[in-house]
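# Commentary on secondary and tertiary structure
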Amino acid sequence: MSILTYALHFEGEFNKNSLGAVSEAGKLASEIGGEAAAIVIGGDDLTDDLCKSLGSYGASKVYRVRGEEGLAQPVVDAMAKVISDNGFKYALFGGGLLGFEIGAGLTARLNAGVTMEVTAVKAQDGKLVAERPILQDSAIVDVDYVGEPGIIIGRLNAFEIAEGGSGDAEVVDVEVEFSDFSNKCRVVKRGEQGESEINIEDAEILVAGGRGLGKAEGFGLCEELAQSLGGAVAATRAVVDAGWYPYAAQIGQTGKTVAPKLYLAAGISGAIQHKVGMQSSENIVAINKDPNAPIFEFSDLGIVGDLNKILPKLTEAVKAKKGA
Amino acid sequence: MKICVLVKEVPDAAVEKRMDPGSKRLDRSGEKNLNPFDTHAIEAAMQIKEGGKVDVSEIVAVTMGPDSAERALHKAVSLGADRSVHLTDDSLAGSDVCATGYALAKVLESESPDLVLLGQQSDDGECYTIGAVVADHLKMPSLTQVIEMDTQEGKLTCRRQAEYGYDTVEVDLPAVISVGDAINEPRYPSLKAIMGAKKKQLDKRSAGDVGIEDGKVGEQGSRTAVLAINPPPEKQAGEIIEDEDTNETVEKIVAWLDERKLLA
Ligand SMILES: Cc1cc2nc3c(=O)[nH]c(=O)nc-3n(C[C@H](O)[C@H](O)[C@H](O)COP(=O)(O)OP(=O)(O)OC[C@H]3O[C@@H](n4cnc5c(N)ncnc54)[C@H](O)[C@@H]3O)c2cc1C
């Protein structure tokens, strides 16, 4: 056995980044001459069929643990046990909140090396080398591990989901004695959506607003432009967290993934967690007053300027053009 | 209740960052500042203290770093911390996440806090990981990326955004909590607080003082090794318009959209 991944699930489905990690582990394991396994944690909703299905992404074995899902520390306990009982060389995680938390906890528990934000993993001489971009992606470092296991935490969507593996995975139930402190966190509510449902997935045009709008009322500018373009309004996590706009409109890692014909981003910096939710848009237009904002690195048309000046005039001009 | 806040000195956001090709470490020369996310952690501590629901005996700012990191502690104290602790030792240089988390945990152990707060990420590197590393060493429950926190006697109720929406989690104290920047709006320090910061108690601790084992920190204690530093792949940049005359800018945007048939 050589690579262990953690697969997060919710309401009967595995998380996309987790499936990416399982697929990547399957591919890498065969390159370094080992096997890939996955570990899952949860209650009765973790059925045999669901666990076995990870086989088609490349996991030969799935360790199933009964425990609370949605928290990191119980998973650290479970992974530490499975790794020490079976001797895995690497632990690989897809991007996302729990990957960071679990990978970090495991690092401490096993005194192991960790690399996060990994964008690619290479197999070299029977070992794995992680590629990690640093300093706002201005350089990429190749990281090797001292001792075992090496812990690799992927960047969001870094690992592609590859279906069509060798069929069902073998399911092994594991009893884990959870640490005293793992029992001191309890999920009271999981996956709450909050506020009204807004359907942004079907819109062909999205006008997205970020913290650059300055305040909740600033969304009026986006709403007016969206209306003139015949589109809908989307938002970044920063403004959703701040309570300026409903969660249902959030684009990104912890929000929705969209691919409209036009994505117009106003006052959005273009953080990676936002980018993953909208980078497949056909045309990306960004308005930002900071010429160094990361969003300009992946927009098709970038406007360096103040959105308060540009948006109202743009709305008028679109109305005039469409009316003509 | 005693609260320890972990803080870090980071290169100023305006300074261009680079790697030192010789040491393969971040070049830490140039202007520095208190990591912005940490100011939210200090503010969270202040709000618990001022909230009146629990009795906070003191707020202690803790950092690890070279001599210059003292400035981050002064800033932390000017924002409300009662005193500060500076772990500084030549043996710590070159510590990776694993070694840094261990060293910080050892300092915290010597302080026995009821609550450890930190910012969820630093401007210069570690990504959302230190809180979980520290918590595992301290054998405390932990939660990262918290955006709302209600403190009662002996426990916290935290809210955070996870992969499927918001989670509400109850955590028993003592605990390690890392906070996001939406949790609060940090206050500005008063001139008096800035002036007074240098007079507040600042304890220097060496690795030996807090029982850090040799070989577990610094380059020796690090479990990763950088093999190479490469430039990123070239990418194609889009078109850029500097807004000088807004009417003209808007005309250009409309023409661009029209060309792509987005104004149908
Ligand atoms: C685990 C995790 C998951 C996350 N998930 C998501 C997610 O799903 N979606 C998401 O969006 N983020 C997510 N984030 C947060 C993400 O890292 C960024 O913090 C967030 O996207 C930033 O939002 P923003 O661009 O609105 O704000 P900021 O980064 O604050 O950017 C505001 C921008 O507005 C510009 N600006 C300011 N004033 C003006 C003006 N007058 N005119 C023009 N421009 C102006 C500024 O130059 C700046 O670039 C996640 C983070 C973590 C850690």
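This text gives an overview of the structure that appears in the document. Computed from a predicted structure; not experimentally measured. (Residues numbered from 1 in each chain as written. Chains lettered and ligands numbered in written order. Predicted model: local features only at pLDDT ≥ 70, side-chain atom pairs only at ≥ 80, totals over all residues. Heavy atoms only, no water.)

## A word on the layout of surface pockets
Estimated volume of the second largest pocket: approximately 740 Å³. Around the second largest pocket, the lining is made up of 31 residues, and of these Lys16(A), Gln253(A), Gly255(A), Thr257(A) and Glu163(B) lie nearest the centre. Counting residues per element, the ones that place at least two in the lining of the second largest pocket are strand E3 (13-14) and helix H1 (16-31) of chain A. Of the residues forming the lining of the second largest pocket, the biggest block, three residues, is contributed by H1(A). For the lining of the second largest pocket, the class distribution of residues is nine nonpolar, 14 polar and eight charged. (1 Å grid on protein atoms, 1.4 Å probe; cavity = no way out; pocket = protein on both sides within 12 Å on 5 of 7 lines; lining within 4 Å. Points joined across faces, edges and corners; volume = space filled by probe spheres on them. Helix = DSSP H or I, 4+ residues; strand = E, 2+ residues; numbered from the N terminus. Nonpolar A, V, L, I, M, F, W, Y, C, P; charged D, E, K, R; others polar.)

## Let's talk about the sheet that holds strand E15 (residues 232-235) of chain A
Sheet strands pair by backbone hydrogen bonding; their relative direction is either parallel or antiparallel. What the six strands build is an open sheet, ordered E15(A)-E14(A)-E16(A)-E17(A)-E18(A)-E15(B); its pairing is parallel. The sheet terminates laterally at E15 of chain A together with strand E15 (239-242) of chain B, the two strands that pair on one side only. Going from strand to strand, the sheet's axes swing by 20 degrees on average, the running direction of each strand aside. In the sheet, strand E14 (residues 205-209) of chain A pairs with E15(A) via four bridges, with the strands oriented parallel. Each bridged residue has a counterpart across the sheet, and for Gly209(A) the counterpart in E15(A) is Ala235(A). Of the strands in this sheet, E14, E15 and strand E16 (262-266) of chain A are in contact with helix H5 (residues 219-229) of chain A, which crosses E14(A) at around 170 degrees. (Pairing = 2+ DSSP bridges. Axes fitted to C-alpha atoms, helices over the stretch in contact; angles between N-to-C directions. Contact = heavy atoms within 4.5 Å.)

## Here we look at the pairing of E14(A)
All names here are of chain A. Taken across its five residues, E14 has five buried, putting it largely inside the fold. Side chains Ile205, Val207 and Gly209 of E14 all project onto a buried face; the interleaved residues Leu206 and Ala208 project onto the opposite face, where all are buried too. Here E14 runs beside E16; their pairing, made up of five bridges, is parallel. From the neighbouring strand, Ala208 faces E16, where its bridge partner is Ala265. Assessed by its sense of winding, the connection that carries the chain from E14 through H5 to E15 is right-handed. (Buried < 20%, exposed > 50% of the residue type's maximum accessible area, 1.4 Å probe, protein only. Right-handed = clockwise from strand over helix to strand, strands pointing away.)

## Re helix H4 (residues 130-138) of chain B
Residue and element names in this part refer to chain B. For H4, a buried count of eight out of nine residues is recorded, marking the element as mostly surrounded by other parts of the structure. Along H4, the residues that are buried comprise Ile130, Gly131, Ala132, Val133, Val134, Ala135, Asp136 and Leu138. One or two positions beyond H4, positive phi appears at Lys139, with a value near 55 degrees.

## Brief notes about the environment of Phe298(A)
Residue and element names in this part refer to chain A. Counting through the fold element by element, Phe298 comes out in the loop between strand E17 (283-288) and strand E18 (301-304). Expressed as a C-alpha distance, the spacing of Phe298 and Ile284, which sit 14 residues apart in the sequence, is 7.8 Å. Among all residues touching Phe298, those that are not within four sequence positions of it are Gly270, Lys275, Met278 and Ile284.

## With respect to the pairing of strand E11 (residues 165-172) of chain B
Residues and elements named next belong to chain B. The buried fraction of E11 amounts to seven of the eight residues, a majority that puts the element mostly inside the structure. Bridging between strand E10 (residues 155-162) and E11 involves eight bridges; their strand directions are antiparallel. Looking across to E11, one finds that Thr157 is bridged to Glu170.

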